[in-house]
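Residue-level structure breakdown
In case you want the letters, here they are:
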Amino acid sequence: MSTSARYDFDTVIDRRGTWCVQWDGVADRFGVDGLLPFTISDMDFATAPEVLTALRARLDHGVLGYTTWQQDDFRSAVAHWYATRYGTEVDTGRLVYGPSVLSQLSQLLQMWTAEGDGVVVHTPTYDGFRKAVTGLGRELRGVPLGDAEALERELARADAKVFVLCSPHNPTGRVWTEDELREMGTLARRHGVAVISDEIHADFVHDGYRHVPWTRIGGDGRWAVITSGSKAFNFPALTGSYGFIGDPADRAEFLRRMETAEGLASPAVLSLTAHIAAYRDGAAWLDAARSYVAGNLALIAERLNGAFPELAWQPPQAGYLAWIDLRPLGVGAGAGTDGGGGVDGVDDEALQRVLIEREKVAIMPGAVYGAPGFLRLNAGCPRSKVVAGVEALVRGVGGVR
């Protein structure tokens, strides 16, 4: 039996009425209930059966008391995953733990920056970064993806204190090469800027590409990796993330803040259980899920390019989020940074109205990430849903051109 045949990704699991943000919360962002959603970045698949088996066994124990992440079962599972998945030996003495990647980001920003300091990111930018940075009173400074000269200009500014790297990148799905990462690391060290590398999408890198963990790049600079198995194995509702901090004093300060100021000495035991099971026994499921999603993304490419050859859309290098540039079709042409329209093309708001009101689908507009003229469509779902979504998108775009 093939790896993919062992797992079922085609069966639709009804998530409505389960307090699900993507399905039950669609009206909060799009103003209308009942839309078919392709929005927030979780998948419509049940998590790996190996993870579910471990969770059931832990629940059968019956006692859900205070627990600790600083134990060998968790540390060795993380080390095993990095060794087998990335060919990388990690120092588990550098491990830290937190309730989420964004909570870790917030804590590190408070450690390494002061109000008004500059925080550099690539654009387009994951909206969670923007909220975390601006919510703390720091200044978000965007650099176009892949523009090394612009990156150095921003890092060289006297008040630039942190570079938040998304690796692989959300929303584009770009996987950075080792040479690119080393260049970024050199620039950061040259200008005394700390690096926070968000690697939560790393486990979903597609065939032909390779993720290089920042633990191999950081060296003696000030750096942290923040990540979680929750994205790839689809258990974000359990909460829980982990990371690595290079400097021992920084690591001690991070742990002190989490355990005292934040009152988070005890992690969620089911998250620990899920991570250990995923990293020890879940590789086959993850490979099957990646293969299935790659098929979804290929289907999107075939349908979009068949309908609109000028798009020449290519699937992302990592992840299950299709980042679609509709500007060749005039969508977003003449638009301002707020996504408003112009006379030379179709504005994003007009397209969103058609998708919502006529096609009854919710697809994230690129303006959320600072990129009018784009859409981000979540393809982490059964193929029948992807077909419905891409057909609605083709009709919707055709209806506003």
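Residues numbered from 1 in each chain as written. Predicted model: local features only at pLDDT ≥ 70, side-chain atom pairs only at ≥ 80, totals over all residues. Heavy atoms only, no water.

1. Let's talk about helix α3 (residues 49–61)
Between its first and last C-alpha, α3 extends 19 Å over 13 residues, near the 18 Å set by a 1.5 Å rise per residue. Turning to α3, its buried residues number three or more, namely Glu50, Val51 and Leu55. End-on view of α3: buried residues confined to an arc of 135 degrees, all on one side of the axis. Exposed positions of α3 whose direction lies more than 90 degrees from the buried face are Thr53 and Asp60. Buried positions along α3 lie against α11 (269–281) and α12 (283–307). Two residues or fewer past α3, Gly62 is found with a positive phi of approximately 90 degrees. (Helix = DSSP H or I, 4+ residues; strand = E, 2+ residues; numbered from the N terminus. Expected span 1.5 Å × (residues − 1). Buried < 20%, exposed > 50% of the residue type's maximum accessible area, 1.4 Å probe, protein only. Arc of directions from axis to C-beta. Contact = heavy atoms within 4.5 Å.)

2. Here's the deal with the pattern of salt bridges
A full pass over the atoms with the stated rule returns 25 salt bridges. Arg141 is paired through a salt bridge with Glu139; the nearest N and O atoms lie 3.2 Å apart. Residue classification places Arg141 among the buried residues on the basis of a relative accessible area of 4%. In this structure Glu139 comes out as partly exposed when scored by relative accessible area, which is 38%. Note that Asp325 is salt-bridged to Arg327, the shortest N-O span being 2.9 Å. Through salt bridges with shared partners, one network takes in Arg15, Asp42, Asp44 and Lys385. (Salt bridge = Lys/Arg side-chain N within 4 Å of Asp/Glu carboxyl O.)

3. A short note on the packing of aromatic side chains
Scanning the model with the defined rule gives 18 aromatic pairs in all. Between Tyr126 and Phe129, the aromatic rings sit 5.2 Å apart at their centres with planes inclined by 75 degrees, giving edge-to-face as the arrangement. Of the residues examined, Phe129 reaches a relative accessible area of 2% and is grouped as buried. We note Arg383 situated over the ring of Tyr292; from NZ or CZ to the ring centre the distance is 4.3 Å. Over the ring of Phe38 we find Lys385; its NZ or CZ atom is 4.9 Å from the centre of that ring. (Phe/Tyr/Trp six-rings, centres within 6.5 Å; stacked < 30°, edge-to-face > 60°. Lys NZ or Arg CZ within 6 Å of the ring centre and 35° of its normal.)

4. A word on the packing of helix α5 (residues 101–112) against helix α10 (residues 248–261)
Two elements in contact, α5 and α10, have axes whose closest approach is 11 Å; the angle formed by their N-to-C orientations is 120 degrees. What the angle tells us is that α5 and α10 run oblique. Of the two possible hands of crossing, α5 and α10 adopt the one that is right-handed. Packed against α5, whose contacting residues are Ser103, Gln104, Gln107, Leu108, Gln110, Met111 and Trp112, the element α10 presents Asp250, Glu253, Phe254, Arg257 and Met258 at the interface. (Axes fitted to C-alpha atoms, helices over the stretch in contact; angles between N-to-C directions. Parallel < 35°, antiparallel > 145°, perpendicular 65-115°, else oblique. Left-handed = near helix turned anticlockwise from the far one by under 90°.)

5. Comments concerning the sheet that holds strand β1 (residues 36–38)
Taken in spatial order, the four strands line up as β1-β10-β11-β9 in an open sheet, and their pairing is mixed. Bordering the open sheet on either side are β1 and β9 (321–325), each of which pairs with just one other strand. Ignoring strand direction, the axes of neighbouring strands in this sheet form an average angle of 35 degrees. Sheet topology note: the β1/strand β10 (residues 361–365) ladder contains three bridges and is parallel. By the bridge assignment for β10, Phe38 is matched with Ile363. Its contacts with the sheet put helix α13 (residues 348–358) on β10 and β11 (374–378), and the angle it makes with β10 is roughly 160 degrees. (Pairing = 2+ DSSP bridges.)

6. A closer look at the nonpolar core
With 112 residues, the main nonpolar core has Phe233 and Ile300 as its most contacted residues. With ten residues, α12 is the largest single contributor of residues to this core. Membership of the second largest hydrophobic core comes to eleven residues, among which are Leu35, Ala362, Val368 and Tyr369. (Core = buried A, V, L, I, M, F, W, Y, C linked by side-chain atoms within 4.5 Å.)

Don't take any of this as a statement about function, it's just geometry.
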